[in-house]
Amino acid sequence: VLIVYVAPKYGDTQITVYIAICSLMGSIGVMACKALGISIKLTLLGSNQFKKWETYIFAGTVAVCVVTQMNYLNKALDTYNTAIVSSIYYVFFTVLTIAASVIMYKDWLHQTANQISAELVGFLLIVVGVYFLHATKDAKPGCDEGLAAVLGSVRAMDRAATQLRIVRRGSEYMQVRAE
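Residues numbered from 1 in each chain as written. Predicted model: local features only at pLDDT ≥ 70, side-chain atom pairs only at ≥ 80, totals over all residues. Heavy atoms only, no water.

S.K.: Looking at this model, I keep getting lost on the overall build of the protein chain. Mind explaining?
M.R.: A count of helical and extended segments in the protein chain gives six helices and two strands. In the protein chain, the order of α-helices and β-strands from amino to carboxyl end is α-α-α-α-α-α-β-β. A total of about 12,300 Å² of accessible surface is found on the protein chain, and carbon and sulfur atoms cover 67% of it. (Helix = DSSP H or I, 4+ residues; strand = E, 2+ residues; numbered from the N terminus. Areas by Shrake-Rupley, 256 points an atom, 1.4 Å probe, with all protein chains shown as cover.)

S.K.: Explanation requested: the packing of helix α2 (residues 15-44) against helix α4 (residues 82-105) in the structure shown.
M.R.: Where α2 meets α4, the closest approach of the two axes is 8 Å, and the angle between their N-to-C directions is 40°. With respect to α4, the element α2 is oriented oblique. α4 is crossed by α2, and the crossing has right-handed handedness. For the contact of α2 with α4, a count of residues per class yields 19 nonpolar, six polar and one charged. (Axes fitted to C-alpha atoms, helices over the stretch in contact; angles between N-to-C directions. Parallel < 35°, antiparallel > 145°, perpendicular 65-115°, else oblique. Left-handed = near helix turned anticlockwise from the far one by under 90°. Nonpolar A, V, L, I, M, F, W, Y, C, P; charged D, E, K, R; others polar.)

S.K.: Help me understand helix α5 (residues 113-135) in this model?
M.R.: For the α-helix, the turn length of 3.6 residues means that residues three or four positions removed from each other point alike. Counted at 1.5 Å a residue, the expected span for α5 with its 23 residues is 33 Å, and the 32 Å between its end C-alpha atoms agrees. Looking only at α5, the buried set comprises I116, F123, V130 and A135. (Expected span 1.5 Å × (residues − 1). Buried < 20%, exposed > 50% of the residue type's maximum accessible area, 1.4 Å probe, protein only.)

S.K.: How do you make sense of a nonpolar patch on the surface when you look at a structure like this?
M.R.: Together, V1, I3, V4 and Y5 make up an exposed nonpolar region whose accessible area comes to about 460 Å². If you trace the backbone, Y5 turns up in helix α1 (residues 2-10). The exposure class assigned to Y5 is exposed, which follows from its relative accessible area of 61%. (Patch = residues over 30% accessible without salt bridge, like charges linked within 9 Å, V, L, I, M, F, W, Y side chains within 5 Å. Salt bridge = Lys/Arg side-chain N within 4 Å of Asp/Glu carboxyl O.)

S.K.: Is there a simple way to think about α4 in this case?
M.R.: Compared with the 34 Å implied by 1.5 Å per residue over 24 residues, the 33 Å span of α4 between its first and last C-alpha is a close match. Where α4 is concerned, the buried positions are I84, V85, S87, I88, Y89, V91, T94, T97, A100 and S101. Of the surrounding elements, those touching the buried residues of α4 are α2, α3 (53-79) and α5. Note on α4: the residue one or two positions beyond its end, K106, has a positive phi of about 50°. (Contact = heavy atoms within 4.5 Å.)

S.K.: How should I be thinking about the environment of Y90 in this particular structure?
M.R.: Along the chain, Y90 falls in helix α4. Put simply, Y90 and I126 are 36 residues apart on the chain and 9.0 Å apart in space, counted from C-alpha to C-alpha.

S.K.: Whenever I open this one, the packing of aromatic side chains confuses me. Can you help?
M.R.: Both the distance between ring centres and the angle between the ring planes are used here to describe each pair of aromatic rings. Evaluated as defined, the whole model comprises three aromatic pairs. Both rings, one in Y18 and one in Y72, keep their centres 5.9 Å apart while their planes meet at 45°; by these two values the pair is tilted. Placement of Y18 in helix α2 and of Y72 in helix α3 is noted, with a sequence separation of 54 residues between them. When sorted by exposure, Y18 lands in the same class as Y72, which is buried. (Phe/Tyr/Trp six-rings, centres within 6.5 Å; stacked < 30°, edge-to-face > 60°.)

S.K.: Whenever I open this one, the packing of α3 against α4 confuses me. Can you help?
M.R.: For any two helices packed against each other, one specifies the inter-axial angle together with the distance between the axes. Running from N to C, α3 and α4 cross one another at 140°; their axes reach a closest spacing of 9 Å. Comparing their axes, α4 and α3 come out oblique. Of α4, the residues touching α3 (which contributes Q69, L73, A76 and L77) are T82, V85 and Y89.

Here you go:
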């Protein structure tokens, strides 16, 4: 759906389109690589997995995902700023790969709550760091310019949030009204 319908229409104007396709393909490719690695490991241990058709599906999936991922990554890099593409791609790819590994391999089943929360805090730090990179991309070097850029972005979001007020009228549902 993204490749056929969304990318031709919005790919040149929305940075997340190409990056979402690239990240999805990368995440699926990582999962297929892990499955292919397990197949090779089992083959080396004496249980030949190359007699099974699933092994070839994993290898084909890896090849298709790598080619598609590189194609859309190049399109994103040709169209948008490299620093922005790299940072947004990193966050998207990380989120999708973690989600895929949790779903497919149940990676969090054997971890403690402390380990899971440490991973989530680390990921949150990455997201905040990418936000800071994006917010300060046009600022001059130095703490004052960067801080002003970050606070300016936060203030702009705060102004937008205060412009919308939720009001309640009698028995009507809650409505959002711009003031």
